[in-house]
Amino acid sequence: MKKQALMRGKWASLLMIAMLTLSACGGQASTQSSNQGAPEPASAQSAEAPPSETKKPSGKVVVYTAGPAGLADKILEGFQAKTGLTVEQFQGTTGKVLARLEAEKSNPVADIVVLASWPSGMSMKQEGWTQAYTEAVHADRLYDGWVDEDRHLFGYSASALGITYNTKLVDNPPSDWSDLTDAQWTGAVNIPDPSLSGSALDFVSGYLNQYGESGWSLFDALKQNGVTMAGANQEALDPVVTGAKSVVMAGVDYMAYSAKAKGEPVDIVYPASGTVINPRPAMILKDAPNLDNAKLFIDYLLSDEAQALVANAYLLPGRTDVPAKEDRTQVEEIKLLQYDWNWMSENGDDITTQFMNVFK
Amino acid sequence: MQVRSGRTRFSWGTSLAIGLLVPAIVIPLCLVILNSLMVDGQFDPLTALGVVLAPGVASVLSNTLLLGLLVVAGATAIAFPMAYLAAKTELGEKRWLDVVIIIPFMTPPYIGSMGWILFMQPRGFLEELAPWTAALTPQFFSLGGLVTIMSFHLYPFLYLMLRNSIQRIGQGYEEAGALHGAGFGYRLRRIVIPLLFGSYLMGALLVFVKTIAEFGTPATFGRKIGFYVLTTEIHRLTSSWPIDFGKATALASILLTASLTVWYLQSVMSRKFRYQTLGGKGLRTRPSRLRLLGKSLSWGYVGIVLLLSIGVPYFSIIVASLQKLRGNGLAWGNFTLDHYARLLSWGSPGFKALTNSIGLALLAATFAAVIGTFLALQIRGSATKGQKTTDLFSLLPNTVPGIVIAVGLVLFWNAKWMPIPLYNTYGMAVLTYVVFFLPYTVQYVKASFSQLDDKLFQAGRVYGGTDWYIFRRIALPLLLPGIVAGWMMTFTISARELVASLMLLPPSMHVSATYIFSQFEQGEVSMGMAMAVLTVSLTTIILVIMNQLESYRK
């Protein structure tokens, strides 16, 4: 009986603790929600002062990014350290970022969106999601075609698509896309899912842009040869790293280079017939609640500091005057397919649907 | 809180309870159904029906139901012998077995199936351990493999139900049969199975509902083999571009209908197949002693089940969390604790996700404990209409697949006309978890409350105690164990909830479950696995403590 009473005392104290945490966290939650309201006046205030003035910016900026997670975090930290602003960041695949924007259409919260697919960015611009930022610093130093004429899309970084293979399993890597329809690759090849991975979609539509309707015969043949569609880029690459698959086609190159640098048994080739280099657009949304901070963010993306971060992540920096990391292939060494972004962005949806029909 | 409120119908308490539950649970669910009947903002059930009958949807629906049936069969095959051995033989005397058998259920399914994938894939761990299996492993990546994984995850439900009812049958009936010359097979067929049928059906339907509502395993393993079910399609349609909320809600309504039908069947069946096996004579349980052969066979069986349900997934999870280079497999020297160090370093994304999880789970569990206790006190004996309604509503989240509630919450809180700006905030995450796991507290507290004698309260009143005093000094202390049990259960489950977290967390926030999932998707599998090990150990330790305290009290 006594023991029971004692235990009950313990239970009571446990509950007390719970109650205390409740009240403590309740307090926290309420400060959080009052924070939510705070940026409004702050951003209105800074709207009067252009960012070039020395007046200190305040508040936050909300970024939805389909970036490689590590790079996105470093950019976030660098920007916060430099400006003192708070960045709220959502990371996902291009598909998830777009879905989140669509779902929040009635109550927009994001200021900046960074996608992994240039055509998806172009369709966002066409549908009126984005706004121009003509005074962006260093935008003139971007590669030709990595920024649009109206200055909505800023291709601050890019990836090229290649054929990544496991060096333990593959002695003679395939040299072109069509090699992968060969019997020796049956069941050994992954391709990222174009509905999740913007870059994979760009490869598919870029390829179809050059070869027209007859381009589909490649994908039919690949499906016949047991090519499997496997999530976004990382999910497609991981089985190749562990050796479950030999090759991932149309995967982004920077992931292969980072894995290789880490010591994993992978390497990458660029197909002889050409591939797609995929600038990753950063855009300011039309309804951006924190517009001035958003402009600062774009400036930061194009700054020397952020471009160096981009290069360090094995991506291709957007600026012509910043070289890519020395142990990877440079922009001018990669052979490209002949494609037109306008065509690709117009036909992206149809291509996704048809690709799904082939592969699902 | 009114302890006497049983007599007055629709007291303020009951009204408040229903007033809380309707916007929290009922309206979101109604919105799902309503939305599935709308086309472009117009109420148009016929066109909406067309969406449901579209060819793609039919195959997804039949996949879902087929998976449910197969997993029930698989779980039965695993659970029945286990339950029989535990109830009838000396194996049941091993208390640790009970704890160990619960582990598969405690393992978040997306982690478990990831473990299976790493183990079985070509050049995976199994092939490294036993190279001759290379010919077999590709066979695993099929519907059969999916059913295997899910059966080994869900069989504990069935096992617990069967074991308890086999124990309850008691030796008497079987001995009577044996006395009249019935052999083992005959006794099984004519006595044990008919008596068990009711509770088996309950368990089987539970497994069925759990299977069709399951998201984690189909999302990891099912997608790999191109097997799409309702939950994964709903998630894809709401979170991956191009999104289609109309179709998502249509699928959600189908899922809702399917699971409500099953629950209805279950309640009908359980009324039909109820036998009075608890007589006044008391139970004699005398576990039979096994001979050497029987003993080794039984232990061999238990060993294989445990090996497959726990050994395989955990082996892969732990090994993957320790691998330096994933390309080097099990090679000696390829192991490091680095991933744990990075996870636990202050301020790292993983660490933030972990603290977010714990913080949210603490808040959600505490709110759920307070609200759930209040609701349970209002429900009491479920005597009046108001109490019955409260009971029904508060248990809804347990009946309805999680993803359906999640869709409903999105529709409700992200609606244009919603004046409370809760969506995309921290508060939304807390609210979601509370709604999801309220039933646990309600059930635990209800169970404690049903044991209290009304005389206790009458005594309190005789001595002039006010309602509040009686509640504080008599009811609350006696209910505390139930409340705390509910609190801990909510804490453990919300610390690993995946589907609601994926759909409802504010943009910049990760919890351990979404962190793990996004590591599989975008980042480093090893980091995800290290996080999995940490989360599962943390929640298991809490459950073990709870178990210990419980047994102390007795």
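The rules behind the values
- Residues numbered from 1 in each chain as written.
- Chains lettered and ligands numbered in written order.
- Predicted model: local features only at pLDDT ≥ 70, side-chain atom pairs only at ≥ 80, totals over all residues.
- Heavy atoms only, no water.
- Helix = DSSP H or I, 4+ residues; strand = E, 2+ residues; numbered from the N terminus.
- Rg over C-alpha atoms; globule rule 2.2 N^0.38 Å.
- Buried < 20%, exposed > 50% of the residue type's maximum accessible area, 1.4 Å probe, protein only.
- Contact = heavy atoms within 4.5 Å.
- Areas by Shrake-Rupley, 256 points an atom, 1.4 Å probe, with all protein chains shown as cover.
- Lys, Arg positive; Asp, Glu negative; His and termini not counted.
- Charge placed at Lys NZ, Arg CZ, Asp CG, Glu CD.
- Domains from an automatic or database assignment.
- Buried area = accessible area lost by both parts, 1.4 Å probe.
- Salt bridge = Lys/Arg side-chain N within 4 Å of Asp/Glu carboxyl O.
- Polar contact = N/O pair within 3.5 Å; in protein donor to acceptor, adjacent residues only side chain to side chain.
- Nonpolar A, V, L, I, M, F, W, Y, C, P; charged D, E, K, R; others polar.
- Core = buried A, V, L, I, M, F, W, Y, C linked by side-chain atoms within 4.5 Å.
- pLDDT = per-residue confidence, 0-100.
- Patch = residues over 30% accessible without salt bridge, like charges linked within 9 Å, V, L, I, M, F, W, Y side chains within 5 Å.
- 1 Å grid on protein atoms, 1.4 Å probe; cavity = no way out; pocket = protein on both sides within 12 Å on 5 of 7 lines; lining within 4 Å.
- Points joined across faces, edges and corners; volume = space filled by probe spheres on them.
- Phe/Tyr/Trp six-rings, centres within 6.5 Å; stacked < 30°, edge-to-face > 60°.
- Lys NZ or Arg CZ within 6 Å of the ring centre and 35° of its normal.

(A) Seen up close, the overall build of chain B. The number of helices and strands found in chain B is 23 helices and two strands. Taken over C-alpha atoms, the radius of gyration comes to 25 Å for chain B, in line with the 24 Å a tight globule of 554 residues would show. Over its C-alpha atoms, taken along the principal directions, chain B stretches across nearly 75 × 70 × 55 Å. For chain B, the proportion of its 554 residues judged to be buried stands at 56%. Pairs at least 24 residues apart make up 78% of the contacts formed inside chain B by residues separated by at least 6 positions. Counting every atom, chain B has about 24,000 Å² of accessible surface; 67% of that belongs to carbon and sulfur. Computed over 42 positive and 21 negative side-chain charges, the separation of the two mean positions in chain B equals 10 Å.

(B) Inspection of the domain arrangement of chain B at higher detail. Residues and elements named next belong to chain B. Under the domain assignment used here, chain B contains domain 1 (56–321) and domain 2 (334–554). Domain 1 and domain 2 are separated by 25 Å when their C-alpha centres are compared. Each partner contributes residues to the interface: domain 1 has 32 residues there, and domain 2 has 32 residues. Note on domain 1 versus domain 2: buried area summed over both sides is about 2,700 Å², and carbon and sulfur give 80% of it. Across the contact surface, domain 1 and domain 2 share zero salt bridges. At the boundary of domain 1 with domain 2, the tally comes to five residue pairs in polar contact (both at pLDDT 80 or more). Sorting the residues of the side of domain 1 that touches domain 2 by element identifies helix H4 (95–106), helix H5 (109–120), helix H9 (184–213), helix H10 (216–224), helix H11 (230–239), helix H12 (245–272) and helix H13 (292–322) as the ones contributing at least two each. It is H12 that provides the largest number of residues to the side of domain 1 that touches domain 2, a total of eight residues. When grouped by side-chain class, the residues that make up the side of domain 1 that touches domain 2 number 24 nonpolar, eight polar and no charged.

(C) Seen up close, the nonpolar core. With 149 residues, the main nonpolar core has Leu67, Tyr155, Tyr159, Val207, Leu360, Val404 and Met529 of chain B as its most contacted residues. The element best represented in this core is helix H3 (residues 55–88) of chain B, accounting for 14 residues. Among the domains, domain 1 (56–321) and domain 2 (334–554) of chain B are the pair contributing at least three residues each to this core. Each residue touching tyrosine 155 of chain B, except ones within four places of it in the same chain, is listed here: Ala75, Ile78, Ala79, Met82, Ile101, Pro104, Val305, Leu306 and Ser309 of chain B. By size, the runner-up hydrophobic cluster in this structure holds 107 residues, among which are Val62, Met124, Val147 and Ala313 of chain A.

(D) Examining the pattern of salt bridges more closely. All names here are of chain B. Following the criterion strictly, the structure yields 17 salt bridges over all chains and no others. The salt bridge partner of glutamate 90 is lysine 295, with a shortest N-O separation of 3.5 Å. Separated by 205 residues along the polypeptide, glutamate 90 in the loop between H3 and H4 and lysine 295 in helix H13 bring together distant segments of the chain. When its relative accessible area of 34% is taken as the criterion, lysine 295 is described as partly exposed. A salt bridge links arginine 236 to glutamate 233; the shortest N-O distance between them is 3.0 Å. Taken together, the residues arginine 236 and glutamate 233, both in helix H11 and three residues apart, mark about one turn of the helix.

(E) Representation of the interface of chain B and chain A. With 51 residues of chain B at the contact, the number on the chain A side is 55 residues. Summing both partners gives a buried area of about 4,900 Å² for chain B against chain A, and 59% of it is carried by carbon and sulfur. Glutamate 524 of chain B serves as the salt-bridge partner of lysine 262 of chain A, at 3.8 Å between the closest nitrogen and oxygen. Breaking the side of chain B that touches chain A down by element, the ones donating at least two residues are H10, H11, helix H15 (349–379), helix H20 (467–494), helix H22 (512–521) and helix H23 (525–553) of chain B. Ranked by residues supplied to the side of chain B that touches chain A, first place goes to H20 of chain B with six residues.

(F) Spatial organisation of unusual backbone geometry. One non-glycine residue with positive phi stands out, namely arginine 151 of chain A, at about 60°. When you line up the elements, arginine 151 of chain A lands in the loop between strand S4 (130–131) and strand S5 (154–166). The exposure class of arginine 151 of chain A is partly exposed, given its relative accessible area of 22%. We note that arginine 123 of chain B has phi near 55°; this positive angle belongs to a residue other than glycine. Examined against the element boundaries, arginine 123 of chain B turns out to sit in the loop between H5 and helix H6 (125–129).

(G) Looking closely at the domain arrangement of chain A. Residue and element names in this part refer to chain A. Along its sequence, chain A is organised into domain 1 (56–158 + 278–330) and domain 2 (160–277 + 333–359). Here the C-alpha centre of domain 2 lies 25 Å away from the C-alpha centre of domain 1. In total, domain 1 and domain 2 occlude about 1,900 Å² of area from one another, counting both sides; carbon and sulfur atoms represent 59% of this. The interface formed by domain 1 and domain 2 holds one salt bridge in total. The residue aspartate 253 makes a salt bridge to arginine 328 at a minimum N-O spacing of 2.5 Å. At the junction of domain 1 with domain 2, the criterion picks out six residue pairs in polar contact (both at pLDDT 80 or more). At the level of elements, helix H4 (94–103), helix H5 (118–126) and strand S10 (277–285) are the ones that each hand at least two residues to the side of domain 1 that touches domain 2. With five residues, H5 is the largest single contributor of residues to the side of domain 1 that touches domain 2. For the side of domain 1 that touches domain 2, the residue count by class is 12 nonpolar, nine polar and three charged.

(H) Here's a closer look at the confidence of the model for chain B. Residue and element names in this part refer to chain B. On average, residues of chain B carry a pLDDT of 85, and 93% of them reach 70 or more. The low-confidence segment residues 1–9, where pLDDT is below 50, has 20 contacts with residues more than four positions distant or belonging to other chains. Across the interface, the model reports ipTM at 0.73; the global pTM reads 0.82.

(I) Region of the structure containing a nonpolar patch on the surface. On the surface, Trp12, Leu16 and Leu20 of chain B cluster together into a nonpolar patch covering about 300 Å² of accessible area. Note on placement: leucine 16 of chain B falls in helix H1 (residues 12–36).

(J) Representation of empty space enclosed by the protein in the model. One pass over the structure, following the stated rule, counts six cavities of 30 Å³ or more. Empty space within the largest cavity amounts to approximately 160 Å³. Considering the residues around the largest cavity, the lining is formed by 21 residues, among which Ala66, Asn233, Tyr254 and Arg280 of chain A together with Gln522 of chain B are closest to the centre. For the lining of the largest cavity, a count of residues per class yields nine nonpolar, 10 polar and two charged. Looking at which domains feed residues into the lining of the largest cavity, each of domain 1 (56–158 + 278–330) and domain 2 (160–277 + 333–359) of chain A supplies at least three. Among the elements of the structure, H5, helix H8 (143–179) and H13 of chain B are those that each provide at least two residues to the lining of the second largest cavity.

(K) Spatial organisation of the packing of aromatic side chains. Counting across every chain of the model gives 34 aromatic pairs over all chains. Arranged with centres 6.3 Å apart and planes meeting at 40°, the rings of phenylalanine 437 of chain B and tyrosine 440 of chain B form a pair that is tilted. Residue phenylalanine 437 of chain B and its partner tyrosine 440 of chain B are both found in helix H18 (residues 426–450); the two are separated by three residues, about one turn of the helix. For phenylalanine 437 of chain B, a relative accessible area of 6% translates into the label buried. You can call tyrosine 440 of chain B buried: its relative accessible area is 18%. Pairwise contacts between aromatic rings join Trp177, Phe203, Tyr207, Tyr211, Trp216, Phe219, Phe355 and Phe359 of chain A into one cluster. Just above the ring of phenylalanine 90 of chain A sits the side chain of arginine 100 of chain A; from NZ or CZ to the centre is 4.8 Å.

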